[in-house]
Amino acid sequence: MEDERPIIHTDPEFAVAEADVRVIEGSGTLIGTSLWRDAWRRLLKNKLAVFGLIVVITITVVSLIGPLIIKAATGYTYDFIPNNVVLIKSMPPLTGPDGSFSWAHPMGTDNSGRDLLARVLLGGRISLMVGIISTMVSLIIGISYGAVAGYLGGRIDNLMMRLVDVLYSLPYIILVIVLLAMFRSKTPVGQLVLLFIALGSVSWLTMARIVRGQVLSLKNQEFVLAARATGVSTTRIIFRHLVPNTLGPVIVYATLTIPSVMLTEAFLSFLGFGVQPPLASWGSLAADGIQSIAIFPWQLIFPGVTMALTLFSLNFLGDGLRDALDPQMRKA
Amino acid sequence: MLRFTIRRLLVTIPMILVVITLTWGLIRLAPGNFYSGEKKIPKAVEKNIREKYGLNKPWYVQYGRTMGHIVRLDFGDSLKYQGQSVNTIIARSLPVSATVGILAYLLALIVGITVGSIAALKQNSRWDYTSMALAMLGISIPNFVLGPLLVLLFSLALYWLPPSRWSGFPSRSVVLPVLTLSAIYMAYIARLTRAGMLEVLRSDYIRTARAKGLRERDVVIRHALRGGIMPVVSFTGPALAFLLTGTVVVERIFALPGLGNYFIQASLNRDEPLILGIVAFIAMTLLIMNLLVDIAYAFLDPRIRY
């Protein structure tokens, strides 16, 4: 036993295998690192992905607690319109009503004199919420649908995936616009709920395909056979044994779904079908800003740039996660 | 091949009908209609209107009549734009959308494939990182932010180009809409080309081509590119759908009298014939283009058999 030393390969082909184990200090025994720890380490090596992660966390935290701080410090909220008529105008960033320097409105105000920073942060809350909730909806539908189709296989699978193919080629954005325009809700919250339904119901298709593909390749493995042999029910096999094993690609795709849903939301809000005033999202703020871009460019630039930065970071994070969780793809 | 085409056509036609039916259903299921505006119409007038447009008949009769007209490509008259048939409106606005869309896609193809190939050839170089970061930026900047920023720069600061309005195809009014629409496709195509090229450049036939002493230029242009742009070809289908949403925004920003702008107006006005006409037209174009892309794919890649 004394001679059995851990073999550390120096050949580049074994580099990955080597990284997967580490030596416990002094004992000479090797322990494997889990997939997740390994992926996390690879992610941290990717500078752009780390940058993305930091920006996403910062923007989320700031939009969550920022409005509270602003309210406590200055009393401004996203829908606070000043009583003084003189103040109901768009003021440039960091400028007071008399044109001198002031910290009161770091991003200026909009046409009704509302604090733009508070509105951009509210926009962040709503845009992120739309992105996350719609992605959750797409996760729930997509995973269940894909896993069931993949596991059951045969004619049912064929039928279910044909349906996905058909839905895939629909010009869904057109239908979403018609839906939102026709069922336009009287209340801003109602319209927001409608938006969740519309976005969630169209973004699950790719997720279903990915999960189905994973399940197809997993379902013939021994652990499924073992589960079946011990009498585990089909539902339990699908959701307790197969679904957890598809999480890698699902997480990657979910991270990339969030920015694309946010972009669609912004697009719909920009056209006036999405988030309704007094609520605001980055898309609706940009739509307001574009009206007076020549005179008050900050009304477009602040929400626009914040949104672009967030999407940029989310995309980099998603790409980094994909590289980290799937080393195979990094080689390509 | 022929069998595949016929089979696909047989699926495509019902799909177009499904899209139209869904749209019709959405319009009808929603509360209110074109006439339920702020202004109250006298009962008698409303009754006459309902009779004229057949709104007093049961829903299946109305549905049958609408579909009957649509199948014959007769979409009727717009409710909002009095005296104009939906067909004239489409015929008038389509060239605008098509010009912007096609020019944007061509520009994206040229720039995207060039940038993507160079990035793949010089993998991990500074050029590679810079162009891919720019591409990611292109994907992340919404076109309704990019468009106004370009206007701010080129029209309001430099006075080079008109900020909006349409003055026909070969004119300076085309430049900004095309650039705005093109940015995201450029970015996507550059990324796809890079990924495709990286894979192809490692393949055996490229090694063979190099081994037999071909010039690097020939290896890249004649051998590698052909395989490398396959992902770009398959992106054409989704790109068309994207192009659609893109043109809607760009037409709004630059006030172009295109299809997308009319569609948004029609949706806001609940102008049923116009909505149905444009949806039917878009669905047809999109699905037929998708079919063509699939056929083109089979021609380009001999390994694909349908």
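Values in this document were obtained by computation on a predicted structure and should not be read as measured data.

Participant: Quick question: what am I supposed to make of the overall build of chain B here?
Facilitator: Summing up its helical and strand segments, chain B has 12 helices and 0 strands in all. Counting from the amino terminus, chain B carries its helices and strands in the arrangement α-α-α-α-α-α-α-α-α-α-α-α. C-alpha extents for chain B along the principal axes are approximately 85 × 55 × 30 Å. Expressed as a percentage of its 306 residues, the buried residues of chain B come to 39%. Of all intrachain contacts in chain B linking residues separated by at least 6 positions in sequence, the fraction that spans at least 24 positions is 74%.

Participant: What's the story with the overall build of chain A in this structure? I'm lost.
Facilitator: Each helix and strand in chain A was counted, giving 14 helices and 2 strands. Each of the 332 residues in chain A was classed as buried or not, and the buried ones make up 41%. For chain A, contacts bridging at least 24 residues in sequence account for 66% of all contacts bridging at least 6.

Participant: Could you clarify how one ought to interpret the interface of chain A and chain B in this entry?
Facilitator: Where interface size is quoted, it is often the accessible area lost as the parts come together. Contact residues are listed per partner, giving 32 residues for chain A and 39 residues for chain B. At the level of secondary structure, the elements contributing two or more residues to the side of chain A that touches chain B comprise α6 (172-182), α11 (247-270), α12 (282-291) and α13 (298-325) of chain A. Of the residues assigned to the side of chain A that touches chain B, the class counts are 29 nonpolar, 3 polar and no charged.

Participant: Would you mind showing me how to read the environment of Ala280(A) here?
Facilitator: Residues and elements named next belong to chain A. Its location among the elements puts Ala280 in the loop between α11 and α12. Sequence separation of Ala280 and Leu194 is 86 residues, and the distance between their C-alpha atoms is 15 Å. When near neighbours in sequence (up to four residues on either side) are disregarded, Ala280 contacts Tyr78, Arg119, Leu122, Gly123, Ile126, Val275 and Leu285.

Participant: It is not clear to me how the packing of helix α11 (residues 259-269) of chain B against helix α12 (residues 272-300) of chain B should be interpreted in this structure. Could you clarify?
Facilitator: Residue and element names in this part refer to chain B. Closest axis-to-axis distance for the α11/α12 pair is 9 Å, and the angle between their directions is 140 degrees. Judged on the interaxial angle alone, α12 and α11 are oblique. Along this stretch, α11 crosses α12, giving a crossing that reads as left-handed. Between α11, through Leu259, Tyr262, Phe263, Ala266 and Ser267, and α12, the contact on the second element is made entirely by Leu274, Ile275 and Ile278.

Participant: What's the story with the confidence of the model for chain A in this structure? I'm lost.
Facilitator: Per-residue pLDDT for chain A averages 78, and the proportion of residues at 70 or more is 82%. This model gives residues 9-19 of chain A a pLDDT under 50, and the stretch forms 5 contacts once residues within four places in sequence are excluded.

Participant: Sorry if this is basic, but what is going on with the environment of Arg191(B) here?
Facilitator: Residue and element names in this part refer to chain B. Inspection of the secondary structure assignment puts Arg191 in helix α7 (residues 175-201). Of the residues examined, Arg191 has 24 C-beta atoms within 10 Å and is grouped as buried. Measuring from C-alpha to C-alpha, the distance between Arg191 and Pro231 comes to 9.8 Å, with 40 residues separating the pair along the chain.

Participant: What is the right way to look at the confidence of the model for chain B in this model?
Facilitator: Do not read the predicted coordinates in detail wherever pLDDT is low. Considering every residue of chain B, the mean pLDDT works out to 81; 94% of them sit at 70 or more. Quick note on the complex model: pTM equals 0.79, ipTM equals 0.78.

Participant: Would you mind showing me how to read the nonpolar core here?
Facilitator: When a protein is soluble and globular, its nonpolar side chains tend to lie buried together. Counting residues in each nonpolar core, the largest one holds 158 residues, and the members touching the most others are Ile189(B) and Val279(B). Counting residues per element, this core draws most heavily on α7(B), at 16 residues. Sequence-distant contacts of Val279(B), that is, excluding residues within four places in its chain, are made with Ile174(A), Val19(B), Ile20(B) and Thr23(B).

Participant: Please explain the packing of α12(A) against α13(A) as it appears in this structure.
Facilitator: Two packed helices can be described by the angle between their axes and the distance between those axes. All names here are of chain A. Here α12 crosses α13 at 150 degrees, and the two axes come no closer than 7 Å. In this view, α12 runs roughly antiparallel relative to α13, as classed from their interaxial angle. By crossing handedness, the relation of α12 to α13 is classed as left-handed. Where α12 abuts α13, its residues Trp282, Leu285, Ala286, Asp288, Gly289 and Ile290 lie against Gln299, Leu300, Pro303, Gly304, Thr306 and Met307. Residue composition of the contact of α12 with α13, grouped by class: 7 nonpolar, 4 polar and 1 charged.

Participant: Help me understand helix α2 (residues 43-52) of chain B in this model?
Facilitator: For an α-helix, the turn length of 3.6 residues means that residues three or four places apart are oriented alike. With 0 of 10 residues buried, α2(B) lies mostly on the surface of the structure. Looking one or two residues beyond α2(B), the residue adopting positive phi is Gly54(B), at roughly 70 degrees.

Participant: Just to check I follow, could you spell out α11(A) for this structure?
Facilitator: End to end, α11(A) covers 34 Å across 24 residues, agreeing with the expected 34 Å (1.5 Å per residue, within 8%). Counting buried positions over the 24 residues of α11(A) gives 19, a clear majority of the element.

Participant: What exactly am I supposed to notice about unusual backbone geometry here?
Facilitator: It is generally the case that most residues other than glycine have a negative phi and that most peptide bonds are trans. All names here are of chain B. With phi around 65 degrees, Asn124 is a residue other than glycine that occupies positive phi space. Mapping Asn124 onto the fold places it in the loop between α4 (86-121) and α5 (126-140). On the basis of neighbour counts, which here come to 8 C-beta atoms within 10 Å, the residue Asn124 falls in the exposed class. Residue Arg270 is not a glycine yet carries a positive backbone phi of 55 degrees. With respect to the helices and strands, the residue Arg270 is situated in the loop between α11 and α12.

Participant: Could you clarify how one ought to interpret the environment of Leu271(A) in this entry?
Facilitator: Position of Leu271(A) relative to the elements: it lies in the loop between α11 and α12. Expressed as a C-alpha distance, the spacing of Leu271(A) and Ala287(A), which sit 16 residues apart in the sequence, is 7.4 Å. Once you skip the residues sitting within four places of it in the chain, Leu271(A) turns out to touch Val248(B), Arg252(B) and Ile264(B).

So, how was this worked out
- Residues numbered from 1 in each chain as written.
- Chains lettered and ligands numbered in written order.
- Predicted model: local features only at pLDDT ≥ 70, side-chain atom pairs only at ≥ 80, totals over all residues.
- Helix = DSSP H or I, 4+ residues; strand = E, 2+ residues; numbered from the N terminus.
- Buried ≥ 20, exposed ≤ 12 C-beta atoms within 10 Å, placed from the backbone.
- Contact = placed C-beta atoms within 7 Å.
- Nonpolar A, V, L, I, M, F, W, Y, C, P; charged D, E, K, R; others polar.
- Axes fitted to C-alpha atoms, helices over the stretch in contact; angles between N-to-C directions.
- Parallel < 35°, antiparallel > 145°, perpendicular 65-115°, else oblique.
- Left-handed = near helix turned anticlockwise from the far one by under 90°.
- pLDDT = per-residue confidence, 0-100.
- Core = buried A, V, L, I, M, F, W, Y, C linked by C-beta atoms within 7 Å.
- Expected span 1.5 Å × (residues − 1).

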